[in-house]
Amino acid sequence: NRSSDLVFGLGALQVLYCPIEVREAIPEKSQKVKQLGVWCEREEAGVKGAQLIAGLESGRYVCRDIGGSDPERMSAPHVANYVLRNFARTAVQVKVYSDPAVLTRCYPLLSAVNRCAAGIERHAARVIELEYVGEGPTDQTLLLVGKGVTYDTGGADIKAGGIMAGMHRDKCGAAAVAGFFHVLSTLKPKRIKVIGFLGMVRNSVGADCYVADEIITSRAGVRVRVGNTDAEGRMVMADLLCHAKEKALNETNPQMMTIATLTGHAVRAVGPHYSVIMDNGPAAKKEIALKVQKAGDLMGDPFEISTIRREDYEFVSGRSEYEDVLQCNNQASSATPRGHQFPAAFSYGRPVSMTTGSTPTLPFHTLTLILRDRAARFQESPPVLLFQRWPLTFSSDASNFQNRRFFYSAR
């Protein structure tokens, strides 16, 4: 495997991660080892390899800090503050949207999920927009949308029977996007522009929570009937994806991706050890999901490709003249046939279509990535190798690090 040197370097560093709560409470435990060495044939290759591994691992740290921390330490306001501090004085530009009136107007579906938590200041939603522009003319634009549900009670369709534990990791999609931007700020790949949206919101239960049967008009002007409040992720991301789509119209060679945890059905379909990726028609024609899957195999991060079918779009079509689309049926995704495919159809379809009256002028290459089951379990670290793999594609410097032996010294 030509990437084995990189993989075993990152694997060694993964077990040396120290949670942010421990680093803050017990600083003397924040460093597990003083030095980590890997044999290499040439000093030059070792130095360059160490720089690459250090850059990738720094992003993995950010991802784990956000994705793995408890729902109070990484509540939506705390995530926003963490991101602002992390990207201060870097090439990544950060915007944070917190005004309830702005969120309601610009992201009405997300605001419905936020409604119950909005009255509690420490839980109120944040939308975080990130942007990186590499040196030189832009050849490609990536637009990433990450699901950042800081805690998922299920809402009115509450998670009962002990299945709520671990739902602080329902923010791993947003965490992966933030980690990827940290890699960008460190490795500084050229000729690429990346725009990211993090939808940070808590799906709380209470007197003001949104409920099934509500009809909410999305950013795109589409009437969405709620079928299950525990299907909040697509509500959080749909308006953000619509916003990304609006931006994509003015960008060079745009490609969009949503990243989320929807593990219940995915684990039934492919097992607990694999992530799932799906692409829409334009992306499938270019075999983008297949190319990313092959890159995953090289990085020791395998995942499966699912296909969105006609019946998935039919499944989310409106059942009456009241609504344009149905957010979900009334069952858990794990108990629904094609329970991870039809949510992608919801995201790619009318809820994120361009604002009423406008017409897209280019085909959008869109992918959905569902993080593997281990991302949703509090016992294990969220998978982030996939997102740290992208700079290998876009950075001419990073591409030279394959087939090398590295030396990495952490002091």
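Treat the numbers as computed from the prediction; the structure is a model and nothing was measured.

A closer look at the nonpolar core
In this structure, I66, I128, L130, F181, V194, L198 and I277 are the most contacted members of the largest nonpolar core, which totals 41 residues. If you tally residues by element for this core, the top one is helix α7 (residues 172-187), at nine residues. Apart from the residues lying within four places of it in its own chain, the contact partners of I66 are M74, V79, Y82, V83, K171, A175 and A178. With 37 residues, the next largest nonpolar core counts V145, M235, A244 and C328 among its residues.

What to know about the packing of helix α3 (residues 43-68) against helix α4 (residues 76-86)
Where α3 meets α4, the closest approach of the two axes is 11 Å, and the angle between their N-to-C directions is 165°. In terms of axis orientation, α3 runs roughly antiparallel to α4. Classified by chirality, the crossing of α4 by α3 is right-handed. Counted together, Y61, V62, D65 and I66 of α3 and V79, Y82, V83 and N86 of α4 form the full contact between these two elements.

Brief notes about unusual backbone geometry
The backbone of K188 shows a phi angle near 55°, a positive value even though the residue is not glycine. Relative to the helices and strands, K188 resides in the loop between α7 and β4 (192-203). Even without being glycine, R338 reaches a positive phi, approximately 60°. Tracing the sequence through the fold places R338 in the loop between β10 (325-326) and α13 (342-348). A residue is classified by how much of its surface remains accessible, and R338, at 24% relative accessible area, is partly exposed.

Some remarks on the side chain of T141
Along the chain, the position of T141 falls in strand β3 (residues 140-152). Only 2.9 Å separates the side chain of T141 from the backbone oxygen of T252, close enough to count as a polar contact. If near-sequence neighbours (up to four positions away) are discounted, T141 is found in contact with K193, E251, T252, N253, P254 and Q255.

Comments concerning the pattern of salt bridges
Per the counting criterion, the structure on display carries 18 salt bridges. The partner of R115 in a salt bridge is D208, with the nearest N and O atoms 3.8 Å apart. Of this pair, R115 sits in the loop between α6 (108-114) and β2 (126-133) while D208 sits in the loop between β4 and β5 (215-217), and the two are 93 residues apart along the sequence. Linking D139 and R191 is a salt bridge whose minimum nitrogen-to-oxygen distance equals 2.7 Å. Here the residue D139 occupies a position in the loop between β2 and β3, and R191 occupies one in the loop between α7 and β4, the gap between them amounting to 52 residues. The exposure class of D139 is partly exposed, given its relative accessible area of 41%. Judged by relative accessible area, R191 falls into the partly exposed class, the value being 38%.

Quick word on the packing of aromatic side chains
When we look at a pair of aromatic rings, we describe it by the centre distance and by the angle of the planes. Taken as a whole and assessed by the stated rule, the structure comprises four aromatic pairs. Summarising the aromatic geometry, the rings of Y17 and Y61 are spaced 4.7 Å apart at their centres and angled 70° between planes, so their arrangement reads as edge-to-face. Taken together, the residues Y17 in the loop between α1 (4-14) and α2 (20-25) and Y61 in helix α3 connect sequence positions 44 residues apart. For Y17, a relative accessible area of 10% gives the class buried.

Concerning the sheet that holds strand β9 (residues 303-305)
Here eight strands make up an open sheet; going across it, the order is β1-β2-β4-β3-β7-β11-β8-β9 and the pairing mixed. In the strand order of this sheet, the two ends are held by β1 (93-97) and β9, each with one partner. Neighbour-to-neighbour, the strand axes of the sheet open up by a mean angle of 20°, direction not taken into account. As defined by bridge partners, strand β7 (residues 254-260) adjoins strand β11 (residues 365-370) across six bridges and the pair is classed as parallel. Of the residues in β11, the one forming a bridge with A260 is I370. Contacts from α4 reach β1, β2, β3 and β4 within the one sheet, and its direction differs from that of β2 by about 20°. Each of β2, β3, β4 and β7 is contacted by helix α8 (residues 232-248), which is oriented at about 160° to β3, the strand it contacts most.

Regarding the sheet that holds β5
Across the sheet, three strands lie side by side as β5-β6-β10; this open sheet has mixed pairing. Among the strands making up the open sheet, the edge pair consists of β5 and β10. Judged from the two bridges that link them, strand β6 (residues 223-225) and β10 form a sheet pairing that is parallel. Note that in β10 the partner of R225 across the bridge is L326.

Let's talk about the side chain of E214
Along the chain, the position of E214 falls in the loop between β4 and β5. In terms of polar contacts, E214 uses its side chain to reach the backbone amide nitrogen of V211, at 2.9 Å. Setting aside residues up to four positions removed in sequence, E214 forms contacts with R115, C209, V224, R225 and V226.

Observations concerning the environment of A176
Note that A176 resides in helix α7. Sequence separation between A176 and G67 is 109 residues, and the spatial gap between their C-alpha atoms is 7.8 Å.

Considering α7
Between its terminal C-alpha atoms α7 stretches 22 Å, which fits the 22 Å expected from 16 residues at 1.5 Å a residue. Within α7, 14 of the 16 residues are buried, which leaves the element mostly enclosed by the surrounding structure. After α7 finishes, the residue K188 shows a positive phi value of roughly 55°.

What about the confidence of the model for the chain?
Caution is warranted with low-pLDDT regions, since their predicted coordinates should not be read in detail. In this model, the chain carries a mean pLDDT of 86, and residues with pLDDT of at least 70 account for 86%. Contacts from residues 356-361, a stretch scored under 50 in pLDDT, to residues over four places away or in other chains number five contacts. Across residues 375-411 the pLDDT falls below 50, and counting only partners more than four positions away or on other chains, this stretch makes 121 contacts in the model.

About the criteria used
- Residues numbered from 1 in each chain as written.
- Predicted model: local features only at pLDDT ≥ 70, side-chain atom pairs only at ≥ 80, totals over all residues.
- Heavy atoms only, no water.
- Core = buried A, V, L, I, M, F, W, Y, C linked by side-chain atoms within 4.5 Å.
- Buried < 20%, exposed > 50% of the residue type's maximum accessible area, 1.4 Å probe, protein only.
- Helix = DSSP H or I, 4+ residues; strand = E, 2+ residues; numbered from the N terminus.
- Contact = heavy atoms within 4.5 Å.
- Axes fitted to C-alpha atoms, helices over the stretch in contact; angles between N-to-C directions.
- Parallel < 35°, antiparallel > 145°, perpendicular 65-115°, else oblique.
- Left-handed = near helix turned anticlockwise from the far one by under 90°.
- Polar contact = N/O pair within 3.5 Å; in protein donor to acceptor, adjacent residues only side chain to side chain.
- Salt bridge = Lys/Arg side-chain N within 4 Å of Asp/Glu carboxyl O.
- Phe/Tyr/Trp six-rings, centres within 6.5 Å; stacked < 30°, edge-to-face > 60°.
- Pairing = 2+ DSSP bridges.
- Expected span 1.5 Å × (residues − 1).
- pLDDT = per-residue confidence, 0-100.

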